[in-house]
Structure formats: C-alpha cells, structure tokens
Amino acid sequence: MSRSENRNQVHYALSLDEACRPVGTRPVHVYWRMLERGPSEVEELLGVEQPVYGLEDSQPVEATAEGWRVRVSLKAFPSRPIDITTARVDGKCQVQAWTKLGNSVSRLEHVFVKTSWPFRVDFVRLDGVGPDGKPVHELIRQ
C-alpha cells in the first residue's frame, strides 16, 4: 500500500510454513517499509496509524481445494474484506489477494491511500485485475 505523503509503504506480510499453510491465528502482519531512509528499513505501525492501515483482529484461516485462504479486513474499511489465498505452484508458494472491485471479485494488485493531516483518509484507490484479465480500478471516498 502506498500513500500520498512520501515514498514509504505499508506492507502486509503473510507467515507461511513449508506447505504454504498460514501460521498462527493472526498470520498477517502489518509493517512500514521506510523507503525514505533505505530499501531495507522497516518499522511497526504506530498506534495512531492503526485505524487507517491496521487490520481487524479476526483473521480466519480456511483450507481450500487449491491451498489456504485467510480473510482480513482493514480497520478503515471493515465492510470490504480481502481474501489472501495461498497455493503450491511449481514447488513454490503462490500468494494472491482478492477483493470486490466494482461488480466482481478481482485480484488486488495495489492500494493507494490519499491522506491529509491528521491521519484522515481522503480516498483510497484500489487497482487489480478482473476475472477477464483486464485492469480494474475503484475509487473509494470516505
């Protein structure tokens, strides 16, 4: 997830075991990539940032025919869940995020958050790939 204030990005990491199975009851972890300071610099979210970038506490994990699914919801948009799927493909873990974009469930590729002081969300732009393989975009205003 990128934002309007600087190059720093919020990342959502999924902990997996060797079989591509999510690990733990909260397998998705949120952190900052502090690109303004360097490519390997990371930081935890501040408490004041949790309502915008943090995740709801519930992260249910389910087995699927292909692998596993974890459902997460951003605190800022709890009504728009994101399903993170994992599968073993050619000996490697493949992880994808899915959410509703427009009228269909699409693969989520990028989220951009336009913020204003102090920690207010002006809008969110979701970018993904639709079921037909074409790019889809949605703008959500608070």
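Every chain is numbered on its own, with residues counted from 1 as its sequence reads. Reporting in this predicted model follows two pLDDT cut-offs: at least 70 for local features of residues, and 80 or more for side-chain atom pairs to be given and counted; totals over whole chains, interfaces and linings ignore these cut-offs and use all residues. Heavy atoms from the whole structure form the basis of all side-chain values; hydrogens and water molecules are not counted.

Asks: Before we move on, could you go through the pairing of strand 11 (residues 135-141) and cite the residues and values that matter?
Replies: By the convention used here, strands pair only if DSSP detects at least 2 bridges between them. Helix numbers and strand numbers start at the N terminus; a helix is a DSSP run of H or I with at least 4 residues, a strand a run of E with at least 2. For strand 10 (residues 120-129) and strand 11, the ladder comprises 7 bridges, and the chain directions are antiparallel. Along strand 11, the bridge assignment pairs Gly128 with Val136. In sequence, strand 10 turns back onto strand 11 through a hairpin of 5 residues, with Gly133 there showing a positive phi of about 85°.

Asks: Pulling in residues and values, what's your account of the pattern of salt bridges?
Replies: Within this document, salt bridges are pairs made up of a side-chain nitrogen of Lys or Arg and a carboxyl oxygen of Asp or Glu, the two lying within 4 Å of each other. In this structure the tally under the stated criterion is 9 salt bridges. Ionic pairing is found between Glu36 and Arg7, a salt bridge with its closest N-O pair at 3.6 Å. Here Glu36, found in the loop between strand 3 (28-33) and strand 4 (42-43), pairs with Arg7, found in the loop between strand 1 (2-3) and strand 2 (9-14); they are 29 residues apart in sequence, far enough to count as distant. When a residue's accessible area, from a 1.4 Å probe over protein chains only, is under 20% of the maximum for its type it is buried; when over 50% it is exposed; and in between it is partly exposed. Using a relative accessible area of 45% as the deciding quantity, one classes Glu36 as partly exposed.

Asks: Describe empty space enclosed by the protein, listing the residues and the values that go with them.
Replies: A cavity here means a set of points on a 1 Å grid, drawn over the protein atoms and nothing else, where a 1.4 Å probe fits but cannot get out; a pocket is an open set with protein on both sides within 12 Å along at least five of seven lines, and a residue lines either one if it has an atom within 4 Å of a point. Grid points are joined across faces, edges and corners, and a volume is the space filled by probe spheres set on the points. Per the counting criterion, the structure on display carries 1 cavity of 30 Å³ or more. Roughly 120 Å³ of internal volume is contained in the largest cavity. What lines the largest cavity is a set of 15 residues, among which Leu74, Phe77, Val111, Val124 and Leu126 lie closest to the centre. Those elements that place two or more of their residues in the lining of the largest cavity are strand 9 (104-116) and strand 10. Only Asp, Glu, Lys and Arg are considered charged, only Ala, Val, Leu, Ile, Met, Phe, Trp, Tyr, Cys and Pro nonpolar, and every remaining residue, Gly among them, polar. Looking at the lining of the largest cavity residue by residue, the class counts come to 13 nonpolar, 1 polar and 1 charged.

Purely geometric numbers; function is a separate question.
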